[in-house]
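Topology and contacts: notes
Spelled out from the first residue to the last, the chains are:
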Amino acid sequence: MYPTKINACHWIVAVRAYLLHLLGSTFFANKSVTHVHMVFLDALRDLTHSETYAWGVVVLVHMYDNLNEASKTTTR
């Protein structure tokens, strides 16, 4: 049985949703643990280009930014 176009579209949406969850909960985790920034939707718009992104650099920048925020005395 060959997948229909509607079925294929559902799979693409499901994969993008899973990747958005994966990005938000592992690579770009924050203190909320339940919220994902919608900025990552643009990165997942065309999945064929996602392998060309420098994910390691972006993750390090995000980590250092959160470490800077966590080192402030007003942060709980």
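Residues numbered from 1 in each chain as written. Predicted model: local features only at pLDDT ≥ 70, side-chain atom pairs only at ≥ 80, totals over all residues. Heavy atoms only, no water.

Details of the overall build of the protein
What counts, and what does not: Numbered from the N terminus, helices here are DSSP runs of H or I no shorter than four residues, and strands are runs of E no shorter than two. Residue burial is assigned from relative accessible area. The probe radius is 1.4 Å, only protein chains are included, and a residue is buried under 20% of its type maximum, exposed over 50%, and partly exposed in between. For the accessible areas, the method is Shrake-Rupley and the probe is 1.4 Å, while residue cover comes only from the protein chains on display.
Counting its regular elements, the protein contains three helices and zero strands. Starting at the N terminus and ending at the C terminus, the protein contains elements arranged as α-α-α. Each of the 76 residues in the protein was classed as buried or not, and the buried ones make up 12%. Summed over its atoms, the accessible surface of the protein is roughly 6,600 Å², and 67% of this surface lies on carbon and sulfur atoms.

Here's the deal with the side chain of His 62
Keep this limit in mind: Note on contacts: a residue pair is in contact if any heavy atoms of the two residues lie within 4.5 Å.
Along the polypeptide, His 62 turns up in helix H3 (residues 55-70). Excluding residues that lie within four positions of it along the chain, His 62 makes contacts with Phe 27, Phe 28 and Ala 29.

Things to note about the environment of Tyr 53
Locating Tyr 53 in the fold gives a position in the loop between helix H2 (40-43) and H3. Residue Tyr 53 is classed as partly exposed on the basis of its relative accessible area, which comes to 35%. With ten residues separating them in the primary sequence, Tyr 53 and Ala 43 have C-alpha atoms 8.6 Å apart.

What about the nonpolar core?
Note the cut-off: Among buried residues, the Ala, Val, Leu, Ile, Met, Phe, Trp, Tyr and Cys ones that are joined through side-chain atoms within 4.5 Å form a nonpolar core.
One finds Leu 20, Leu 23, Phe 28, Phe 40 and Leu 44 forming the largest nonpolar core, which totals five residues. Apart from the residues lying within four places of it in its own chain, the contact partners of Leu 20 are Val 36, His 37, Met 38, Phe 40, Leu 41 and Leu 44.

Some words on the confidence of the model for the protein
Put simply, the rule is: pLDDT measures the predictor's confidence residue by residue and takes values from 0 up to 100.
For the protein, the mean per-residue pLDDT works out to 77, and 83% of the residues sit at or above 70. In the model of the protein, H2 stands out as the element of lowest mean pLDDT, 76, in contrast to H3, which has the highest, 81.

Side note on the environment of Leu 22
Examined against the element boundaries, Leu 22 turns out to sit in helix H1 (residues 5-27). According to the relative accessible area criterion, Leu 22 is partly exposed, its value standing at 29%.

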